Amino acid sequence: MSATRMMILGLVQWLEPVHGYDVRRELMSWSADKWANVQPGSIYHGLRKLAEEGLLHEVATEQVGARPARTTYGITDKGKAEFQSLLRNGWWNVTPAVDPFMAAFSFLPALSREESSAALRNRATQLRAGVLQLEAATKADWADNKPAFVAWMWERNVVMAEAEIAWCERTAQRIETMGDAWESISGAAGRGEADAVASNNQV
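Right, let's walk through the structure included here. Just so it is clear, the model here is predicted, and its values are computed rather than measured. (Residues numbered from 1 in each chain as written. Predicted model: local features only at pLDDT ≥ 70, side-chain atom pairs only at ≥ 80, totals over all residues. Heavy atoms only, no water.)

## Regarding the packing of aromatic side chains
Applicable threshold: Two aromatic rings from Phe, Tyr or Trp, using only the six-membered ring of Trp, form a pair when their centres are within 6.5 Å; if the ring planes differ by under 30 degrees the pair is stacked, by over 60 it is edge-to-face, and anything between is tilted. Under the scheme used here, helices are H or I runs from DSSP no shorter than 4 residues and strands are E runs no shorter than 2 residues, and both carry numbers assigned from the N terminus. When a residue's accessible area, from a 1.4 Å probe over protein chains only, is under 20% of the maximum for its type it is buried; when over 50% it is exposed; and in between it is partly exposed.
Across all of its chains, the model carries 4 aromatic pairs by this definition. Summarising the aromatic geometry, the rings of F101 and F105 are spaced 5.8 Å apart at their centres and angled 40° between planes, so their arrangement reads as tilted. Of this pair, F101 and F105 both sit in helix α6 (residues 100-105), 4 residues apart, which is roughly one turn of the helix. Of the residues examined, F101 reaches a relative accessible area of 16% and is grouped as buried.

If you want it as structure tokens, here you go:
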């Protein structure tokens, strides 16, 4: 939620006075739903909540024809201070992301050797498709109208994805060539579970 707050506050400060629709359109053009978990449906709610907290203020509300009324927002001094605080926290602190894949990978022996290898190669395929999509976006005409640093962000995502692709393929190959050693991993994991159950029963 802090990333969504920061991005909404930052965009309102840049574009004010601005409608919620324009904030949403800008964030989606950055693909912020993919790399910052900014959900499109949360943007309007976020604007209203930030206004309730005194971080934004409503400049005007207008209605054209039968269309729903649209509210224009601006940022308050309190909102500017909150944005700077969130911004610097994001720049200066490394916050580990919660990755469901890491939780699943910790139970690697629960899958067969064939399925775990296939899953890793499938993950690499999906990541590669994402890389191609980002690379195509950077070459699109509309990307020319974006600030240069937006392309730099996409470049970072490409580099990180390429590193994980290489790791997935390397790990899949390790699993495929383990032979009988795979059984020793599975057995060790099973003994670990049994030890944990026994320990819990003694408490």
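Once you've had a look at it, read on.
## Notes on the side chain of T76
Under the convention used in this document: Pairs of N or O atoms within 3.5 Å make up the polar contacts considered here, provided that, within protein, one atom can donate a hydrogen while the other can accept it, and that residues adjacent in sequence are counted only when both atoms are side-chain atoms. In this description, contact between two residues means that some pair of their heavy atoms is separated by no more than 4.5 Å.
Inspection of the secondary structure puts T76 in the loop between β3 (70-75) and α5 (77-92). Take T76: its relative accessible area is 18%, and that puts it in the buried class. Within the structure, T76 has its side chain in polar contact with the backbone oxygen of L55 (distance 3.0 Å). A distance of 3.0 Å separates the side chain of T76 from the backbone nitrogen of G79, its partner in a polar contact. With sequence-adjacent residues up to four places away left out, T76 is seen in contact with G54, L55, L56 and H57.

## Regarding the packing of helix α1 (residues 2-15) against helix α2 (residues 20-29)
Heads up, the condition is: Only C-alpha atoms enter the line fits that serve as axes; for helices the fit covers just the stretch in contact. Angles between N-to-C directions range over 0 to 180 degrees. Helix crossings fall into two classes, left-handed where the near helix is turned counterclockwise from the far one by less than a right angle and right-handed where it is turned clockwise. Residue classes follow a fixed rule: Ala, Val, Leu, Ile, Met, Phe, Trp, Tyr, Cys and Pro count as nonpolar, while Asp, Glu, Lys and Arg count as charged, and any other residue, Gly among them, counts as polar.
α2 packs onto α1 with a crossing angle of 115° between their chain directions and a minimal axis gap of 10 Å. In terms of crossing hand, the pair formed by α1 and α2 is right-handed. For the pair α1 and α2, contact is made by M7, I8, L11 and V12 and by V23, E26 and L27, respectively. Residue composition of the contact of α1 with α2, by class: 6 nonpolar, no polar and 1 charged.

## Description of the nonpolar core
Stated precisely, the cut-off is as follows: As used in this record, nonpolar core signifies buried Ala, Val, Leu, Ile, Met, Phe, Trp, Tyr and Cys residues forming a set joined through side-chain atoms within 4.5 Å.
Formed by 37 residues in total, the largest nonpolar core has its most connected members in I8, L9, V12, L27 and L56. Of the residues forming this core, the biggest block, 8 residues, is contributed by helix α8 (residues 148-176). Residue contacts for V12: discarding those within four places in its chain leaves V18, V23, L47, L56, Y73, G74 and I75.

## What to know about the side chain of T4
Relative to the helices and strands, T4 is located in helix α1. Classification of T4 by relative accessible area gives buried; the value is 6%. Excluding its chain neighbours within four sequence positions, the residues that come into contact with T4 are N37, V38 and S42.

## Here we look at the pairing of β3
Quick reminder of the rule: One requirement defines pairing of two strands: DSSP has to find at least two bridges between them.
Most of β3 sits out of view: 5 of its 6 residues are buried. In this sheet, β3 lies alongside strand β2 (residues 56-62) in antiparallel orientation, the contact comprising 6 bridges. Directly across from E58, in β3, lies its bridge partner Y73.

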